Amino acid sequence: MQLNNLEVLAPAGDEERFNAAIDYGADAVYLGRKQFGMRASPMNFDYEQLCSAVQTAHDRNIKVYLTCNTLPRNNEIPLFEQFVKEAVDAKVDALIVADIGLLSLIKKYAPDMEIHISTQTGIVNYVTARELYNMGAKRVVLARELSLDEIAEIRAKTSSDLDIETFVHGAMCVSFSGRCLLSQYLVNRDANRGECAQPCRWGYHLMEEKRPNEFFPVFEDEKGTYILNSKDMCMIEHIDKLAKAGVTSLKIEGRAKSAYYVAVVTNAYRMAVDHYYKAPDNFVLPDWIRDEVYKVSHRKYCNGFFFGVPEESQYYENSGYIRNYDVVAVVESCENGTVYCTQRNRFFAGDKVEILAPSQKPAELVLDKLYDENGEEIETANHAMMKFSFRSDLVFPKGTVIRKETT
């Protein structure tokens, strides 16, 4: 496999997240429309926003993949032709699809459109991958259940023209490749149509049938037990092993996550891949790059199934996130020794912050003095989205993240 084939693929739930992804080093971005996408909660993109995003990405030699990977019902099928037509008109680079019927319709409505087969399809062997390639797929997004050895065998027994994509970072699902009925049963929200209520993250108790309404924790914990709750996946220290197995694209989960999350995690994998390129036969990730993925809101991490059956991939104490940093501002411009910013969370003059510019080691600064948009000195930036500035000889690009440790 050639080194330049390793793609960093970032999520975008809306325009702000999209800009974070492309500013912080994504080779490609995947996003959804209001229909047919597996993430119904984010803002997603209307037609005009999609066209604008694709143009912006293409101007920077970045690809855009559009999701249509739900399992649609009968009444949604007549809407799909217009969906595909608008994708073609917007010049998206590929459609991500799970349903075989929709695959056939894409071939009918847009025979030249590149097709990626979603992880929702549950691809776990080379026979399925081959057949989907024969049906017109350019890429398969493999199931999260596979080990590196199984991925390598799929790579070895499929056409070299077939791209292989795997999720390498983010939330894991306890059901087969994300196909889950728990949410449908419990709250009538269909996970296979982008409406998952995440019941696998809920706390559960045990009730004995002769003692109704008396709930007992499965473990000795008054909060119950999170028997279905999985840890998040993180493979940033194993880029070399993923490349050796034949993975083409490294996919970051998180279209419902914040722009800060997208920026930091995309940047971390961008730097990890670039570091791998420098010494592919002797890859050792610098600690400061690894530490970046711990500076976003996350659950405890594991390696998923890449190294075989995981022994400690579930977390039973709670379903909460670990959050040690807050984004406090975003850089708008730098002029004549002054950094102009927009506030995101309250902070004070004298606070120590980290400034994370794309593809750079974070810079620590103490912001001794802050100024409002009129140039008057202030003690705190405490109004949402307020404009402020500070003095620094350092120059940062627009969109650079400023964050502060919370613990």
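A brief structural summary. In this convention, every chain numbers its residues from 1, walking through the sequence in written order. Where local features are concerned, this predicted model is filtered to residues with pLDDT of at least 70; where side-chain atom pairs are given and counted, the filter is 80 or more; whole-chain, interface and lining totals use all residues. With hydrogens and water set aside, each side-chain value is computed from the structure's full complement of heavy atoms.

Side note on the overall build of the chain
Helix numbering and strand numbering both begin at the N terminus, where a helix is a DSSP run of H or I of at least 4 residues and a strand a DSSP run of E of at least 2. Helices and strands together make up the secondary structure of the chain, namely ten helices and 22 strands. Sequence-distant contacts, at least 24 apart, represent 67% of the contacts inside the chain between residues at least 6 apart. Working rule for contacts: check all heavy atoms of both residues, and any pair within 4.5 Å makes them a contact.

Some words on the pairing of strand β22 (residues 401-405)
One ladder, built from five bridges, connects strand β13 (residues 325-335) with β22; its direction is antiparallel. Residue pairing in the sheet places Asp 326 in a bridge with Lys 404 of β22. When DSSP finds two or more bridges between two strands, those strands count as paired. For strand β16 (residues 352-356) and β22, the ladder comprises three bridges, and the chain directions are antiparallel. Paired with Ile 355 across the bridge in β22 is Ile 402.

Points about helix α9 (residues 259-278)
Take the number of residues in a helix, subtract one, and multiply by 1.5 Å to get its expected span. End to end, α9 covers 29 Å across 20 residues, agreeing with the expected 28 Å (1.5 Å per residue, within 8%). When a residue's accessible area, from a 1.4 Å probe over protein chains only, is under 20% of the maximum for its type it is buried; when over 50% it is exposed; and in between it is partly exposed. Of all 20 residues in α9, 16 are buried; the element is thus mostly enclosed.

A word on the sheet that holds strand β18 (residues 370-372)
On the basis of which strands lie adjacent, the open sheet formed by eight strands has the order β17-β16-β22-β13-β14-β21-β18-β19 and antiparallel pairing. Two strands in the sheet have a free side with no partner beyond their single neighbour: β17 (363-366) and β19 (377-378). Axis angles are defined between N-to-C directions and span 0 to 180 degrees, where every axis is a line fitted to C-alpha atoms and, for a helix, only to the segment in contact. Set on the sheet, α9 makes contact with β13, β16 and β22; between it and β22 the angle comes to about 95°.

Focus on empty space enclosed by the protein
A cavity, in this analysis, means grid points on a 1 Å lattice covering only the protein atoms where a 1.4 Å probe fits yet has no way out; a pocket is instead an open set bounded by protein on both sides within 12 Å along at least five of seven lines, and a residue lines either one if it has an atom within 4 Å of a point. Grid points are joined across faces, edges and corners, and a volume is the space filled by probe spheres set on the points. Counting across every chain of the model gives one cavity of 30 Å³ or more. In this structure, the largest cavity occupies an estimated 30 Å³ of space. As for the largest cavity, its lining consists of Leu 142, Ala 143, Arg 144, Leu 146, Ile 151, Thr 166, Phe 167 and Phe 306. When residue character is reported, Ala, Val, Leu, Ile, Met, Phe, Trp, Tyr, Cys and Pro are called nonpolar, Asp, Glu, Lys and Arg charged, and the others, Gly included, polar. Split by residue class, the lining of the largest cavity holds six nonpolar, one polar and one charged.

Focus on the packing of aromatic side chains
The geometry of an aromatic ring pair is captured by two quantities: the separation of the ring centres and the angle between the planes. Under the pairing criterion, centres of Phe, Tyr and Trp rings, with the six-membered ring standing for Trp, must be within 6.5 Å; the plane angle then separates stacked pairs below 30 degrees from edge-to-face pairs above 60, leaving the rest tilted. Considering all chains together, one arrives at eight aromatic pairs under this definition. Between Phe 18 and Phe 45, the aromatic rings sit 6.3 Å apart at their centres with planes inclined by 75°, giving edge-to-face as the arrangement. Of this pair, Phe 18 sits in helix α1 (residues 15-23) while Phe 45 sits in the loop between β2 (28-32) and α2 (47-59), placing them 27 residues apart in sequence. Feature note: the residues Phe 36, Phe 80 and Phe 83 constitute an aromatic cluster, connected by ring pairs. Two conditions define a charge sitting above a ring: the NZ of Lys or the CZ of Arg must be within 6 Å of the ring centre, and it must be within 35 degrees of the ring normal. Lying across the ring of Tyr 30, Lys 251 places its NZ or CZ 4.4 Å from the centre. Lying over the aromatic face of Tyr 261, Lys 257 brings its terminal NZ or CZ to 4.3 Å of the ring centre.

Considerations on the nonpolar core
A general tendency of soluble globular proteins is for nonpolar side chains to be buried together. Residues belong to one nonpolar core when they are buried, are Ala, Val, Leu, Ile, Met, Phe, Trp, Tyr or Cys, and are joined through side-chain atoms within 4.5 Å. Counting residues in hydrophobic clusters, the biggest one holds 87 residues, and the most contacted among them are Phe 18, Leu 95 and Tyr 269. The element best represented in this core is α9, accounting for 13 residues. Residue contacts for Phe 18: discarding those within four places in its chain leaves Ala 12, Val 29, Leu 31, Phe 45, Ala 53, Thr 56, Ala 57 and Val 64.

Some points on the pairing of β2
For β2, the buried fraction is high: five of the five residues fall into the buried class. Alternating residues of β2 divide into Ala 28, Tyr 30 and Gly 32 and Val 29 and Leu 31, and every residue in both groups is buried. Sheet analysis places strand β1 (residues 7-12) next to β2, joined by four bridges and oriented parallel. Looking across to β2, one finds that Pro 11 is bridged to Tyr 30. Once the chain exits β1 it traverses α1 before rejoining the sheet at β2, and the crossover so formed is right-handed. Of the pairings in the sheet, the one linking β2 to strand β3 (residues 63-68) comprises five bridges and is parallel in character. Across the sheet, Leu 31 pairs through a bridge with Leu 66, a residue of β3. Crossovers are described as right-handed under a simple rule: with the strands pointing away from the observer, the path leading from the first strand over the helix to the second runs clockwise.

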